[in-house]
Amino acid sequence: MQPVITDTATLAALCERLAHEPYVTVDTEFLREKTYYPQLCLVQLAGKDESAAIDPLAATIDLTPLYALLANEKVLKVFHACRQDMEIFCNKMQKLPAPIFDTQVAAMVLGYGESVSYESLVNKTLGQSVDKSSRFTDWSKRPLTPKQIDYALSDVIHLHAIYSVLVDRLNETSRGGWIAQEMQPLLDPQTYDANPDEVWRRIRLRNTTPRYLATLRAAARWRELTARERNVPRTRVMKDETLAEIAHSKPEDFTTLQAIRGFYPTMQATQYDALFTALKQAQNLPSSEMPRLPARTILTESDEALIDLLRLFVKSCAAKHHVVPRLIANKEDIEALVLGKRNDIHALTGWRYEIFGKDALRLLEGKIALKADPKNGIVFIDNT
């Protein structure tokens, strides 16, 4: 077992060495059950010849050298399923690590499966198994055991070898450009910043009138900002079901708030005053400023048939190119195409357009037809 790094000097020396590597693998251990922002408990790094675990909870460490390495554009940072790791570093660094490579995304592009797990990828690429017995560790407790540290380091050590395998396959299939496109959303800070004015859309609706939606939006925004300020989970402030009832009942003071079914106070009574103000402001909004849900599209039998046809085409493209079908086009993309929409459709951008989008449009325009071929699966018949 290697000792965990707990001082700034040792961390700086490690990061200086790794800064000369073409790529480093990165993983984190964190907790977020009791906080709004994930609590970073351990960071693991690996280069070609060394790996190390870093203790961000140590009183004697400053993570500035780590953040400098993550921001170093000359060093590629390799993660697996990096979204939560990137969220953590975005909050800590006030910027995102770059450049990055996500092995889960690469695995989907290369046909290893949808949202392939780290354990599965280790098995499929390296022919090894992973000991996950420490998966449910409370990483905030100290001291960490040798078994826990070895478990944590094994992730970045295997990841270093996995990256090499995946890059070779990407080069063989000329899909390096595909991965570059897939990394762009992960490098956008807005990906990790929940817009307080939009979080209401995640709540199950009891009503769809603009006035109700405006009130729900105000209540959800108050909860989001309160949870951030207190650094507690949203549900510790108020549950979704309670927010929905509040939007319906529109309490004006703490007494009426207490009467709402499912409400239980988690703060002092005066701390809810901002909620009542927000609800009142929502009630006074002009109609033009209230949110509205888009009109529900009623699909005809012909639309449904075309949707089924495009789904079949997606599966055919996925099989032909060894890509996960959902990565090519999702349900919303397919429905939008059938309804004649052409703007802001993911399936009509980049590599997706090349292997699916352009022929999907020709198919919908009647310029090509699909034919079953015993040897080659589904093939095209040109009708032009």
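Shown above is the structure to which this text applies.
The following refers to the structure shown. All values derive from a computational prediction rather than experimental measurement.

## Details of the overall build of the protein
Logical step 1: Of regular secondary structure, the protein possesses 16 helices and seven strands.
Logical step 2: Referenced to the eigenvectors of the C-alpha coordinate spread, the extents of the protein come out at roughly 70 × 65 × 35 Å.
Logical step 3: Considering only intrachain contacts with a sequence separation of at least 6, the fraction spanning at least 24 residues in the protein is 62%.
Logical step 4: Accessible surface for the protein amounts to roughly 20300 Å². Of this, 49% is attributable to carbon and sulfur atoms.

## Some words on unusual backbone geometry
Peptide bonds are mostly trans, and most non-glycine residues show a negative phi.
Logical step 1: Residue Pro99 is reached from Ala98 by a cis peptide bond, and omega for that bond is -5 degrees.
Logical step 2: Between Arg142 and Pro143 the backbone carries a cis peptide bond, its omega angle lying at 0 degrees.
Logical step 3: Within the secondary structure layout, Pro143 lies in the loop between helix H5 (118-126) and helix H6 (146-173).
Logical step 4: The phi dihedral of Ala81 is positive, around 50 degrees, even though this residue is not glycine.
Logical step 5: Mapped onto the secondary structure, Ala81 falls in the loop between strand S4 (76-79) and helix H3 (83-93).
Logical step 6: Phi is positive for Lys250, close to 55 degrees, though the residue is something other than glycine.
Logical step 7: Here Lys250 is to be found in the loop between helix H10 (240-249) and helix H11 (254-258).

## Observations concerning the pattern of salt bridges
Logical step 1: Tallied over the full model, the rule gives 15 salt bridges.
Logical step 2: With a closest N to O distance of 2.7 Å, Glu182 and Arg352 form a salt bridge. On the criterion of sequence distance, the pair formed by Glu182 in helix H7 (residues 176-183) and Arg352 in helix H16 (residues 350-364) is long-range, its members being 170 residues apart.
Logical step 3: Put simply, Glu365 and Lys367 hold a salt bridge, and the shortest N to O gap is 3.3 Å.
Logical step 4: Classification of Lys367 by relative accessible area gives partly exposed; the value is 38%.

## Points about the sheet that holds strand S5 (residues 100-102)
Logical step 1: Read from one edge to the other, the open sheet built from five strands follows the order S3-S2-S1-S4-S5, with strand pairing classed as mixed. Every other strand in the sheet has two partners, leaving strand S3 (51-54) and S5 as the edge strands with one partner each. Between one strand axis and the next, the sheet turns by 25 degrees as a mean value, whatever way the strands run.
Logical step 2: Across the face of the sheet, helix H1 (residues 8-18) comes into contact with strand S1 (23-31), strand S2 (39-46) and S3 while running at roughly 140 degrees to S3.

Calculation criteria
Residues numbered from 1 in each chain as written. Predicted model: local features only at pLDDT ≥ 70, side-chain atom pairs only at ≥ 80, totals over all residues. Heavy atoms only, no water. Helix = DSSP H or I, 4+ residues; strand = E, 2+ residues; numbered from the N terminus. Contact = heavy atoms within 4.5 Å. Areas by Shrake-Rupley, 256 points an atom, 1.4 Å probe, with all protein chains shown as cover. Salt bridge = Lys/Arg side-chain N within 4 Å of Asp/Glu carboxyl O. Buried < 20%, exposed > 50% of the residue type's maximum accessible area, 1.4 Å probe, protein only. Pairing = 2+ DSSP bridges. Axes fitted to C-alpha atoms, helices over the stretch in contact; angles between N-to-C directions.

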